[in-house]
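Letter by letter, the chains look like this.
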Number of protein chains: 2
Amino acid sequence: MIFKDSTVQEVDQALRDAWQAFQSFRKSSLKDRAQFMRTIAAEIEALGDTLIHKTMEETHLPEARLRGERARTIFQLTSYAAACEAGNWLEARIDTAGTDPAVFKPDIRKIQVGLGPVVVFGASNFPYAYSTAGGDTATALAAGCPVIVKAHPAHGETSELVAGAISKAAAKCGLPKGVFAHIHGASFEVGKALVMHDYTKAVGFTGSYGGGKALFDWANQRKEPIPVFSEMGSINPVFLLPEKMKQSAKEVAGMYAASITQDTGQFCTNPGLLIGVDNEDLNIFVDALSAKIRELKPGTMLHPGIARAFTEKRAAALSQEGVTTVAVSETKPGESQGAPTIASATATAFFNNPLLHQEVFGPYSIVIRCKDTAEMTRVATHLEGQLTSTLMATENDLRGQEALVNAVQHICGRLIVNGVPTGVRVGLAMQHGGPFPATTDSRFSSVGADGIKRFVRPLCFQGWPDALLPDALKNDNPLGIWRTVNDVLTKDKVL
Amino acid sequence: MIFKDSTVQEVDQALRDAWQAFQSFRKSSLKDRAQFMRTIAAEIEALGDTLIHKTMEETHLPEARLRGERARTIFQLTSYAAACEAGNWLEARIDTAGTDPAVFKPDIRKIQVGLGPVVVFGASNFPYAYSTAGGDTATALAAGCPVIVKAHPAHGETSELVAGAISKAAAKCGLPKGVFAHIHGASFEVGKALVMHDYTKAVGFTGSYGGGKALFDWANQRKEPIPVFSEMGSINPVFLLPEKMKQSAKEVAGMYAASITQDTGQFCTNPGLLIGVDNEDLNIFVDALSAKIRELKPGTMLHPGIARAFTEKRAAALSQEGVTTVAVSETKPGESQGAPTIASATATAFFNNPLLHQEVFGPYSIVIRCKDTAEMTRVATHLEGQLTSTLMATENDLRGQEALVNAVQHICGRLIVNGVPTGVRVGLAMQHGGPFPATTDSRFSSVGADGIKRFVRPLCFQGWPDALLPDALKNDNPLGIWRTVNDVLTKDKVL
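Residues numbered from 1 in each chain as written. Chains lettered and ligands numbered in written order. Predicted model: local features only at pLDDT ≥ 70, side-chain atom pairs only at ≥ 80, totals over all residues. Heavy atoms only, no water.

**Details of the relation of the copies chain A and chain B**
Argument step 1. Note on the copies: chain A fits chain B at an RMSD of 0.0 Å, the axial shift is 0.0 Å, and the rotation between them is 180°. On the angle and the small slide along the axis, the relation comes out as a two-fold axis. Across chain A, the rotation axis passes nearest the C-alpha of asparagine 220 of chain A, at a separation of 3.8 Å. (Least-squares fit on C-alpha atoms with pLDDT ≥ 70 in both.)

**What to know about the interface of chain A and chain B**
Argument step 1. With 77 residues of chain A at the contact, the number on the chain B side is 76 residues.
Argument step 2. Here chain A and chain B share an interface that buries about 6700 Å² over both sides, 54% of which is from carbon and sulfur atoms.
Argument step 3. One can count 10 salt bridges joining chain A with chain B.
Argument step 4. Linking aspartate 441 of chain A and arginine 443 of chain B is a salt bridge whose minimum nitrogen-to-oxygen distance equals 3.9 Å.
Argument step 5. Inspection of the region where chain A meets chain B yields 50 residue pairs in polar contact (both at pLDDT 80 or more).
Argument step 6. Counting residues per element, the ones that place at least two in the side of chain A that touches chain B are α1 (8-25), β1 (93-95), β2 (108-114), α8 (209-221), α14 (395-400), α15 (402-410), β16 (412-417) and β17 (456-462) of chain A.
Argument step 7. At seven residues, the largest contribution of residues to the side of chain A that touches chain B is made by β17 of chain A.
Argument step 8. Among the residues making up the side of chain A that touches chain B, the classes are represented as 38 nonpolar, 16 polar and 23 charged.
Argument step 9. Where β16 of chain A lies against strand β17 (residues 456-462) of chain B, three bridges are found, and the strand directions are parallel. Residue pairing in the sheet places isoleucine 416 of chain A in a bridge with glutamine 462 of chain B of β17 of chain B. (Contact = heavy atoms within 4.5 Å. Buried area = accessible area lost by both parts, 1.4 Å probe. Salt bridge = Lys/Arg side-chain N within 4 Å of Asp/Glu carboxyl O. Polar contact = N/O pair within 3.5 Å; in protein donor to acceptor, adjacent residues only side chain to side chain. Helix = DSSP H or I, 4+ residues; strand = E, 2+ residues; numbered from the N terminus. Nonpolar A, V, L, I, M, F, W, Y, C, P; charged D, E, K, R; others polar. Pairing = 2+ DSSP bridges.)

**Let's talk about the sheet that holds β16 of chain A**
Argument step 1. Here 12 strands make up an open sheet; going across it, the order is β11(A)-β13(A)-β14(A)-β9(A)-β8(A)-β15(A)-β16(A)-β17(B)-β2(B)-β1(B)-β18(B)-β19(B) and the pairing mixed. Bordering the open sheet on either side are β11 (323-328) of chain A together with β19 (488-490) of chain B, each of which pairs with just one other strand. Neighbour-to-neighbour, the strand axes of the sheet open up by a mean angle of 25°, direction not taken into account.
Argument step 2. Across four bridges, the pairing between strand β8 (residues 237-240) of chain A and strand β9 (residues 273-277) of chain A is parallel. Across the sheet, residue proline 237 of chain A finds its bridge partner in β9 of chain A, namely leucine 273 of chain A. (Axes fitted to C-alpha atoms, helices over the stretch in contact; angles between N-to-C directions.)

**A look at helix α13 (residues 373-382) of chain B**
Residue and element names in this part refer to chain B.
Argument step 1. Turning to α13, its buried residues are Thr373, Glu375, Met376, Thr377, Val379 and Ala380.
Argument step 2. Packing partners of the buried residues in α13 comprise β8 (237-240), α9 (242-261), β9 (273-277), α12 (347-352), β14 (364-370) and α15 (402-410).
Argument step 3. Two or three places before alanine 374, at the opening of α13, aspartate 372 has a side-chain oxygen 3.3 Å from that residue's backbone nitrogen. (Buried < 20%, exposed > 50% of the residue type's maximum accessible area, 1.4 Å probe, protein only.)

**Remarks on the pattern of salt bridges**
Argument step 1. Inspection of the entire model under this criterion finds 58 salt bridges over all chains.
Argument step 2. Here glutamate 85 of chain A makes a salt bridge to lysine 31 of chain A, at a shortest N to O gap of 3.9 Å. In this pair, glutamate 85 of chain A sits in helix α4 (residues 63-86) while lysine 31 of chain A sits in helix α2 (residues 30-46), placing the two residues 54 residues apart along the sequence.
Argument step 3. Judged by relative accessible area, glutamate 85 of chain A falls into the partly exposed class, the value being 27%.
Argument step 4. Linking aspartate 217 of chain B and lysine 213 of chain B is a salt bridge whose minimum nitrogen-to-oxygen distance equals 3.2 Å. Linking aspartate 217 of chain B with lysine 213 of chain B, this pair stays in helix α8 (residues 209-221), spanning four residues, or about one helical turn.
Argument step 5. In this structure aspartate 217 of chain B comes out as partly exposed when scored by relative accessible area, which is 24%.
Argument step 6. What emerges from the salt-bridge pattern is a single network uniting Glu91 and Lys453 of chain A together with Glu91 and Lys453 of chain B.

**Concerning the pairing of β16 of chain A**
Residue and element names in this part refer to chain A.
Argument step 1. With respect to burial, β16 is a largely interior element, six of its six residues being buried.
Argument step 2. As paired elements, strand β15 (residues 386-392) and β16 share five bridges and run parallel to each other. By the bridge assignment, leucine 391 is partnered in β16 with valine 417.

**Digging into the pairing of β17 of chain A**
Argument step 1. Most of β17 of chain A sits inside the fold, with seven of its seven residues counted as buried.
Argument step 2. Here β17 of chain A shows a buried face lined by Val456, Pro458, Cys460 and Gln462 of chain A and a second buried face lined by Arg457, Leu459 and Phe461 of chain A.

**A closer look at the side chain of glutamine 409 of chain A**
Argument step 1. In this structure, glutamine 409 of chain A sits in helix α15.
Argument step 2. For glutamine 409 of chain A, a relative accessible area of 14% puts it in the buried group.
Argument step 3. Leave out the neighbours within four places in its chain, and glutamine 409 of chain A touches Leu415 of chain A together with Arg26, Arg457, Leu459 and Phe461 of chain B.

**Concerning helix α10 (residues 280-295) of chain B**
Residue and element names in this part refer to chain B.
Argument step 1. Here α10 is 16 residues long and its end C-alpha atoms lie 23 Å apart, about the 22 Å a rise of 1.5 Å per residue gives.
Argument step 2. Of all the residues in α10, the buried ones are Asp281, Leu282, Phe285, Val286, Leu289, Ser290 and Ile293. Viewed along the axis of α10, the buried residues span an arc of 165°, placing them on a single side of the element. Exposed residues on α10 whose side chains face more than 90 degrees from its buried face are Glu280, Asp287 and Glu295.
Argument step 3. In this structure, the buried residues of α10 make contact with β8, α9, β9, β11 (324-328), β13 (341-346) and β14.
Argument step 4. Between a side-chain oxygen at the N-terminus of α10 and the backbone nitrogen of aspartate 281 the separation is 3.1 Å; the capping residue is asparagine 279. (Expected span 1.5 Å × (residues − 1). Arc of directions from axis to C-beta.)

**Overview of the domain arrangement of chain A**
Quoted interface sizes are often the accessible area lost when the parts come together.
All names here are of chain A.
Argument step 1. Examined at the domain level, chain A breaks down into domain 1 (8-232 + 441-456) and domain 2 (237-417).
Argument step 2. The interface is formed by 12 residues belonging to domain 1 together with 12 residues belonging to domain 2.
Argument step 3. Buried surface at the junction of domain 1 and domain 2, both sides included, amounts to about 940 Å², of which 60% is carbon and sulfur.
Argument step 4. Contact with domain 2 buries area across many residues of domain 1, yet His60, Asn125 and Glu231 alone supply 43% of it, more than any other trio.
Argument step 5. At the junction of domain 1 and domain 2, the tally comes to one salt bridge.
Argument step 6. In this structure, the salt-bridge partner of aspartate 263 is arginine 65, at a minimum N-O distance of 2.7 Å. (Domains from an automatic or database assignment.)

**Describing the confidence of the model for chain A**
Argument step 1. Of the residues in chain A, 100% have a pLDDT of 70 or more, and the chain-wide mean is 97.
Argument step 2. Reported confidences for the modelled complex are a pTM of 0.97 and an ipTM of 0.97. (pLDDT = per-residue confidence, 0-100.)

**Examining the state of the cysteines**
Residues and elements named next belong to chain A.
Argument step 1. Applying the stated criterion across every chain, the model contains zero disulfides over all chains.
Argument step 2. With no disulfide of its own, cysteine 84 lies 11 Å from the sulfur of cysteine 145, the closest cysteine sulfur.
Argument step 3. In this model cysteine 173 remains outside any disulfide bridge; the closest cysteine sulfur is found in cysteine 84, 12 Å from its own. (Disulfide = S-S within 2.5 Å.)

**Quick notes on unusual backbone geometry**
Residue and element names in this part refer to chain A.
Argument step 1. Between phenylalanine 436 and the following residue, proline 437, the backbone shows a cis peptide bond with an omega angle of 5°.
Argument step 2. Here asparagine 486, not a glycine, exhibits a phi torsion of approximately 45°, which is positive.
Argument step 3. You can see asparagine 486 is positioned in the loop between β18 (483-485) and β19 (488-490).
Argument step 4. Residue classification places asparagine 486 among the partly exposed positions, given a relative accessible area of 36%.

**As for the packing of helix α7 (residues 188-196) of chain A against α8 of chain A**
Residue and element names in this part refer to chain A.
Argument step 1. Their axes nearest at 9 Å, the elements α7 and α8 cross at an angle of 40°. If you check the angle between α7 and α8, you find them oblique. By crossing handedness, the relation of α7 to α8 is classed as right-handed. Residues Phe188, Gly191, Lys192, Val195 and Met196 of α7 pack against Leu215, Trp218 and Ala219 of α8.
Argument step 2. Classifying every residue of the contact of α7 with α8 gives six nonpolar, one polar and one charged. (Parallel < 35°, antiparallel > 145°, perpendicular 65-115°, else oblique. Left-handed = near helix turned anticlockwise from the far one by under 90°.)

Listed below in structure tokens is the structure:
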């Protein structure tokens, strides 16, 4: 089903309602926000198989994956609700007044408050976890910000169902209607109108570089620029270190055949670049990887546009000078399917050709053959910002290749040893973000409760009567939260 | 003394050296960074009266003020050094691995790491505290980032002296030369070259809207956009609530006459807008304020350009329709002096004329006469983002004027009750920042150790061997810092 684009008037009304709702929602208790988030989780669960089947139809993602993603989405909502209630994200700080009247030391207290209405652009590849009720929505609500979701046109009906669950939860919790809105728009005009609206105070986006960068540029061109966190994907380089490859080239190949092709390679953390020293161990790795890739079957991609883009980008990459095709699935792909593919190139070809640094979204990876580990380090320093980088390495490798390890740290948000980048654990310690162009601001994450930070700002109260302070800052600490009082982290009351 | 602008080659060399220095400085221990910061403080102190006298000559600021500002600058360096060492800003988070191999739960650990070389543009009005070794420099060094300071041309020699102290401290601490550089440049080309350089990873700025916005725009036009925290000043509205005015109009007038004219009004937190209900109490306030203002003498401004800008902007404001001059110092100003001045206008004139929302940097403030508190609320909603807002109010006023208090919260970073906005206490609870155009990003502060956050990003380690993790993330917690382990804040070891 194709939804009609929302009109400029509808966008304006949604933002006006959101601004109105913000006036009360920003003052809601942490308990009430957490309750709202848990109710959303319950309402999504209550959609049952209707939701799963609709999404299978719209995205061609396998049922098990969608059930897993739904569970993850519910876990996000409930675990971020717990984090919201625990209140550490408020970063409550209290500097009490000095006792010497000759020294200027007023009572100063600070907490984080919501920025205002947040516009969320969901991803095509995660119809639940990074979409309508995904991480951006959950963290914005925890922050006390109303949310306006622009539905992804590739799964508009799924988005409608989830939006319905959120609205139902809002009603059950007695929240104003404007706390959540759902907007359709296949055209860029709708997206632009949302970002440019005066009452929009922040934006969360997951998707392509083109889309995310356009939102960022619009937001900075506003009379009042606003923060945009765009997660724009990445090629997630994997550095294959010599001793590790000598010990286990075949096992590594097995892990990576699975990671590259998981859900037809449609992950922002898909490993698109495999960098090793051009020696016999690398040949063993490439042979084992190729054998697996040839066996694996093409999968149906999220929608015909993504399948077309995969075919075109893969063809472009494979036709570059110095690039050879190493292995392709032996099964001919059907309509809208992507065939697992491995290419290979020398480091020199990689240095000379920025196109090879670009993501081919789908089941594709390219092996870069380097003369030595110094050349591997040069590949790392040549790379743009990434969500993840991986080192397949023994402890000896890690200790011996300090320059490479250092170079890799500069370019990514998450640094994996002996794992695969696909699979993002939801937890406070996770960083899902990275230097540009992986995201528009490497200081933030879109996974984990720290994602709340994107949508809050500090507000400081000077000389306020205790009774009129927010509960989080009152002397008695009625919320029982951790606070930094005169530079000491404590749950104690202020005496 | 006028310094020659640094050349593009010198800028390039400074950034290359900084990038090189970053490779080791980012891995330096918190102790070593703190020691460096304390050594800078000691070296500044060691400059003694030579520094004070040179700055008096360059800025015309009074000696007592400069001695106070030097003490504050030293306090910033030493207190941020203590915060650096305490390590709370690292936000160490550990999610340990799951025990069920069927559930994907790798070990994930995250800390904050420095972004890379930071370019600092100091302010003319704070030659120490917001300049060469000011808050931006101190927080960037704490973060492990090398600093390149662009000296303010209005106090080039002061900046040279302080830069010398920093370089001496770096040498004493055995740090690489590139950890700090000092660049001169009166032309915008030097500033642009600094912001656009590939190795520049963040910018801190304190100054005018024109300057700060230009840096922000350049940074966003880079191939790789970088974060810019520009603090661009503000008019710091003061809302005079009815009961408070009935009780103490004269006392409030006395406080504000002093605040408006302190150091010739050259503070980014100077109260430039006084909003009250047009009644007899306001008349008493205005009369008392006017009497004081007429008595106060003009002061010499920081430099002739600032004095000229004050004269011009004041004249422009006073010539607007509906604006009347209420009081001017009765002493004729000398060369480069600014005369204390109070104007008055109706709320209608204020709504219709954006020029009246603009800062007149110097000893100037305008009284806005409103029909009632509802109109005062409308003034608040019409205002652009501010560093501070102040409510002169009794508890009854605060409880009774919820709409006004809410509106004021949206527009500022610091909300003062019954004080004056001038005077910024240095401490963790302080927020010196605010919604655009007060700053380019309301989520950060340039005062307090939280200023470090501007210059760091999370880096997450997945599946790393304990011995190779940064000390902050090792199981044994060798630094003894607070960490969040499986969602619990603790100093305990990970077992």
